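# Inside the fold
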Protein chains: 2
Amino acid sequence: MQALVLREKGQPLHYGEWPDPEPGSGEVVVELKAAALNHRDVFITQGLYPGIETPIILGSDGAGLLNGREVVLNPSIGWGPDPDIQARSYRILGLPDPGTFAQKVALPETQIYDKPAHLSWEEAAALPLAGLTAYRALFTKGQVEPGQKVLISGVGGGVALFAFQFALAAGAEVYVTSGSEEKLARARDMGAAGGVNYKNPDWGKVLQSEAGAFQLVIDSAGGEGFKTLLKLCAPAARLVTYGGTQGAVPKFLPQHIFWKQLSILGTSMGNDREFADMLKLVADRQIHPVVDSTYTLEQGAAAFERMDQGLQFGKIVLQIPG
Amino acid sequence: MQALVLREKGQPLHYGEWPDPEPGSGEVVVELKAAALNHRDVFITQGLYPGIETPIILGSDGAGLLNGREVVLNPSIGWGPDPDIQARSYRILGLPDPGTFAQKVALPETQIYDKPAHLSWEEAAALPLAGLTAYRALFTKGQVEPGQKVLISGVGGGVALFAFQFALAAGAEVYVTSGSEEKLARARDMGAAGGVNYKNPDWGKVLQSEAGAFQLVIDSAGGEGFKTLLKLCAPAARLVTYGGTQGAVPKFLPQHIFWKQLSILGTSMGNDREFADMLKLVADRQIHPVVDSTYTLEQGAAAFERMDQGLQFGKIVLQIPG
């Protein structure tokens, strides 16, 4: 089969012939139609992940055919019996197991779900990892309710955009932040009640005067801005964090959270039930994932470059040759 | 009546004659038998609280007689209809309303509860503010369950000791930290599974090798040690914070909480239901609050000095002359 292979950390991805996957016990082989990138994939090529072994086919997101059935893949493998926490055996498709940047992928049959019928192959491939993460952050951890004011930071990212779309579907009044005026404008077009550019040093005050306080904040940045997010929290609000791209929060003060009864909730990926519920929400509400751009599998290196530059609004998708 | 009065911030407390309280609408006057100190009282005398107006009678904790009925006072006034968050009108007995360091106190009838029969006046006075805070931290926020490993930091303090006793009553395996070997020994005598002195620079490693990881941590310190507490958390654990006596947490990393699905939950005081449930737990399990020392109301200044020095193990109580 054709595949995009990371032969060595720090090396460019190699497109070419690769042996077909051999399914293990309980596994099936899916013929992929499309795959999608996540930051995780880029971090792995840069050697920023633990446990990297090469050569490896990356890719956590995929959609395709299983004996003619149209399916999407749940990349959250072996979550285990406790809905609150992944088991020790837990792993994400695409490391250490070979992933979706190839014509075929072998994975446990438990990871196979029907593709929502209203989605194109590209949209379906865009959904799994980011949609699952957003669903758990917003519903399980965030407990979003209709009419709540919700703030989503860094709205260009895959998870942030799904959290934004799902929060709108849940009837929330959703505000966003971004470093790009263009992304803010696109979010407003999609239904954001408002948005602010975090490159403005007064972004917190601007947002506070525009929107007031938030019952729920979904963040993947951390850093200095995290303190501003805490200030923007309404009493008893929840701040759900699934990333720390801006690094450490300097001088985090317990006083900022205990009197206001705030909760800071860490979240990552999601369990099987959440994956099924997420697909149901997308189907019921006819939500279309935002596809930023589409590359062929052969153009994979260019797709990685676009993600690394952070210019995307939505998911970067790879079309897989038949 | 006789009262202990803060006439001006930074001044010593003055013991002497003071006008009897005038009950407002819906209020009753309780003849106090005993009162107890909280850090809040000391912080107020030091001018470290917002909204201090003098002269004022301090004191949030009290027990006494209402027309011959033995009662304890709920210092959490006007919580309001939302169990998750105190209303804007919320206030704690003892500022701005005159408090319990006097022979009589006027307060809303809603704040009156029957004294648990097995408690002395001194024990009953020791219970309200710290018991309520500990109850909400441990049960409502911490969701403690039998068999869980629970860590309580700074076990000499009033809230920490109640959290410790309540966690034992809930069937948890409880570990403690303290800066005092004597306090650690006393906690072990009371049923702690283990304890560690946080003055040992390796206290986190010592505790980890002794106890493993914790499903629930209750902290009032913050500071550098908070990061060690996060490391000691088991996956999906809850870290409940009700104070920040050690100041800011330097370089708090979102990465430390999202992959492990940790929750950091701020809490302060508690609602009416929690106060009633706390009294029921104390009565049902025949829990005796730990009284560190007893002073007469006239010796109030010495009691404040003991609390300021942090030497106490349990509550510092004032006996009120009849």
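Residues numbered from 1 in each chain as written. Chains lettered and ligands numbered in written order. Predicted model: local features only at pLDDT ≥ 70, side-chain atom pairs only at ≥ 80, totals over all residues.

In this section: the pairing of strand S14 (residues 214-219) of chain A. All names here are of chain A. By the criterion of burial, S14 is predominantly enclosed, with six of the six residues buried. Pairing analysis gives three bridges linking strand S11 (residues 149-152) to S14, with the strands arranged parallel. In the strand pairing of S14, valine 150 is matched with leucine 216. Where S14 lies against strand S15 (residues 233-241), five bridges are found, and the strand directions are parallel. Its bridge partner being in S15, aspartate 219 is matched across the sheet by threonine 241. (Buried ≥ 20, exposed ≤ 12 C-beta atoms within 10 Å, placed from the backbone. Helix = DSSP H or I, 4+ residues; strand = E, 2+ residues; numbered from the N terminus. Pairing = 2+ DSSP bridges.)

A separate point is the relation of the copies chain B and chain A. Rotating chain B by 180° about the axis while translating it 0.0 Å along that axis superimposes it on chain A, leaving an RMSD of 0.0 Å. Viewed as a symmetry operation, the transformation between the two copies matches a two-fold axis. Every residue of chain B has its C-alpha some distance from the rotation axis, and the shortest such distance is that of isoleucine 264 of chain B, at 2.5 Å. Take the interface residues of chain B: 100% of them recur as interface residues in chain A, which is what a same-surface contact looks like. (Least-squares fit on C-alpha atoms with pLDDT ≥ 70 in both. Contact = placed C-beta atoms within 7 Å.)

This part is about the confidence of the model for chain A. Taken as a whole, chain A shows an average pLDDT of 96; of its residues, 100% reach a score of 70 or greater. Both confidence scores are given for the complex: pTM 0.96, ipTM 0.96. (pLDDT = per-residue confidence, 0-100.)

Here we come to helix H3 (residues 128-141) of chain B. Residues and elements named next belong to chain B. Relative to the 20 Å expected for 14 residues at 1.5 Å per residue, H3 spans 18 Å between its end C-alpha atoms, a close match to the ideal helical length. With respect to burial, H3 is a largely interior element, 12 of its 14 residues being buried. Of all the positions in H3, only Pro128, Leu129, Ala130, Gly131, Leu132, Thr133, Ala134, Tyr135, Arg136, Ala137, Leu138 and Lys141 are classed as buried. Directly after H3, the chain includes glutamine 143, whose backbone phi takes a positive value near 50°. (Expected span 1.5 Å × (residues − 1).)

Once that is clear, we can look at the packing of helix H6 (residues 203-211) of chain A against helix H7 (residues 225-232) of chain A. Residues and elements named next belong to chain A. Contact geometry of H6 with H7 gives a least axis separation of 10 Å together with a crossing angle of 20°. The angle between H6 and H7 falls in the class roughly parallel. Of the two elements, H6 crosses H7, and the hand of that crossing is right-handed. Residues Gly204, Leu207 and Gln208 of H6 lie in contact with H7, whose contacting residues are Thr228, Lys231 and Leu232. Looking at the contact of H6 with H7 residue by residue, the class counts come to two nonpolar, three polar and one charged. (Axes fitted to C-alpha atoms, helices over the stretch in contact; angles between N-to-C directions. Parallel < 35°, antiparallel > 145°, perpendicular 65-115°, else oblique. Left-handed = near helix turned anticlockwise from the far one by under 90°. Nonpolar A, V, L, I, M, F, W, Y, C, P; charged D, E, K, R; others polar.)

With the exception of glycine, the majority of residues adopt a negative phi angle, and the majority of peptide bonds are in the trans configuration. The omega angle of the peptide bond from threonine 54 of chain A to proline 55 of chain A is -5°, so this bond is cis rather than trans. If you trace the backbone, proline 55 of chain A turns up in the loop between helix H1 (39-45) and strand S4 (56-57). The amide bond that connects leucine 95 of chain B to the next residue, proline 96 of chain B, takes the cis arrangement and shows omega of 5°. Although it is not a glycine, glutamine 143 of chain A adopts a positive phi angle of roughly 50°. Tracing the backbone shows glutamine 143 of chain A in the loop between helix H3 (128-141) and S11. Here lysine 251 of chain A, not a glycine, exhibits a phi torsion of approximately 50°, which is positive.

Our focus in this paragraph is the nonpolar core. In terms of nonpolar packing, the biggest core is built from 190 residues, with Ile152 and Ala163 of chain A together with Ile152 and Ala163 of chain B touching the most fellow members. With residues near it in sequence (within four places) discarded, isoleucine 152 of chain A still touches Ala160, Ala163, Phe164, Ala167, Val174, Val176 and Ile218 of chain A. (Core = buried A, V, L, I, M, F, W, Y, C linked by C-beta atoms within 7 Å.)

Attention now moves to the sheet that holds S4 of chain A. Residues and elements named next belong to chain A. Taking strand neighbours across the sheet as the criterion, the three strands line up as S2-S1-S4 in an open arrangement whose pairing is antiparallel. Strands with a single pairing partner mark the edges of an open sheet, and in this sheet they are strand S2 (14-17) and S4. Sheet topology places strand S1 (residues 2-6) next to S2; four bridges connect them, and they run antiparallel. Within S2, the position partnered with alanine 3 by the bridge is glycine 16.

The interface of chain B with chain A comprises 29 residues on the first partner and 29 residues on the second. Among the secondary structure elements, those contributing two or more residues to the side of chain B that touches chain A are strand S15 (233-241), helix H8 (255-258) and strand S16 (263-266) of chain B. Top contributing element to the side of chain B that touches chain A by residue count: S16 of chain B, with four residues. For the side of chain B that touches chain A, the class distribution of residues is 16 nonpolar, 10 polar and three charged.

A few words now on the domain arrangement of chain A. All names here are of chain A. Segmentation of chain A into domains returns domain 1 (2-127 + 289-319) and domain 2 (141-266). Computed from C-alpha atoms alone, the centre-to-centre distance between domain 1 and domain 2 is 28 Å. Between domain 1 and domain 2, the contact holds six residues from the first and five residues from the second. By residue class, the composition of the side of domain 1 that touches domain 2 is two nonpolar, three polar and one charged. (Domains from an automatic or database assignment.)

Below, the discussion takes up the sheet that holds strand S13 (residues 194-197) of chain A. Taken in spatial order, the 12 strands of this open sheet run S13(A)-S12(A)-S11(A)-S14(A)-S15(A)-S16(A)-S16(B)-S15(B)-S14(B)-S11(B)-S12(B)-S13(B), and their pairing is mixed. The open sheet is flanked by S13 of chain A together with strand S13 (194-197) of chain B, the only strands paired with a single partner. Strand-to-strand, the axes of this sheet are offset by a mean angle of 15°, without reference to chain direction. Where strand S12 (residues 173-178) of chain B lies against S13 of chain B, four bridges are found, and the strand directions are parallel. Its bridge partner lying in S13 of chain B, threonine 177 of chain B is registered against valine 196 of chain B. Contacting strand S11 (149-152), S12 and strand S14 (214-219) of chain B, helix H4 (residues 158-169) of chain B runs over the sheet at an angle of about 165° to S11 of chain B.

Turning our attention to the pairing of strand S3 (residues 27-36) of chain A. All names here are of chain A. Pairing of S3 with strand S9 (residues 104-108) involves five bridges; the strand directions are antiparallel. Paired with valine 29 across the two strands is alanine 106, which belongs to S9. In the sheet, S3 pairs with strand S18 (residues 315-319) via three bridges, with the strands oriented antiparallel. Looking at the pairing, alanine 34 lines up with glutamine 319 of S18.

Residue and element names in this part refer to chain A. Among the residues making up helix H10 (residues 300-309), those that are buried are Gly300, Ala303, Phe304 and Met307. All buried residues of H10 fall inside an arc of 100° around its axis, so they share one side. Of the surrounding elements, those touching the buried residues of H10 are S1, S2, H1, strand S17 (291-296) and S18. Directly beyond the C-terminal end of H10, a positive phi value near 70° is found at glycine 310. (Arc of directions from axis to C-beta.)

As a further point, take the environment of threonine 54 of chain A. Residues and elements named next belong to chain A. Here threonine 54 lies in the loop between H1 and S4. Each C-alpha atom of the pair threonine 54 and glutamate 8 lies 5.6 Å from the other, and the pair is 46 residues apart in sequence. Beyond its immediate sequence surroundings of up to four residues, threonine 54 is in contact with Leu6, Arg7, Glu8 and Lys9.

Residues and elements named next belong to chain B. The interhelical angle for the contact between H3 and H4, taken along N-to-C directions, is 55°, at an axis separation of 8 Å. Between H3 and H4, the angle falls in the class oblique. With respect to the hand of their crossing, H3 and H4 are arranged in right-handed fashion. Counted together, Ala130, Gly131, Thr133, Ala134, Tyr135, Ala137 and Leu138 of H3 and Gly158, Val159, Phe162, Ala163, Phe166 and Ala167 of H4 form the full contact between these two elements. Here the contact of H3 with H4 is composed, by residue class, of 10 nonpolar, three polar and no charged.

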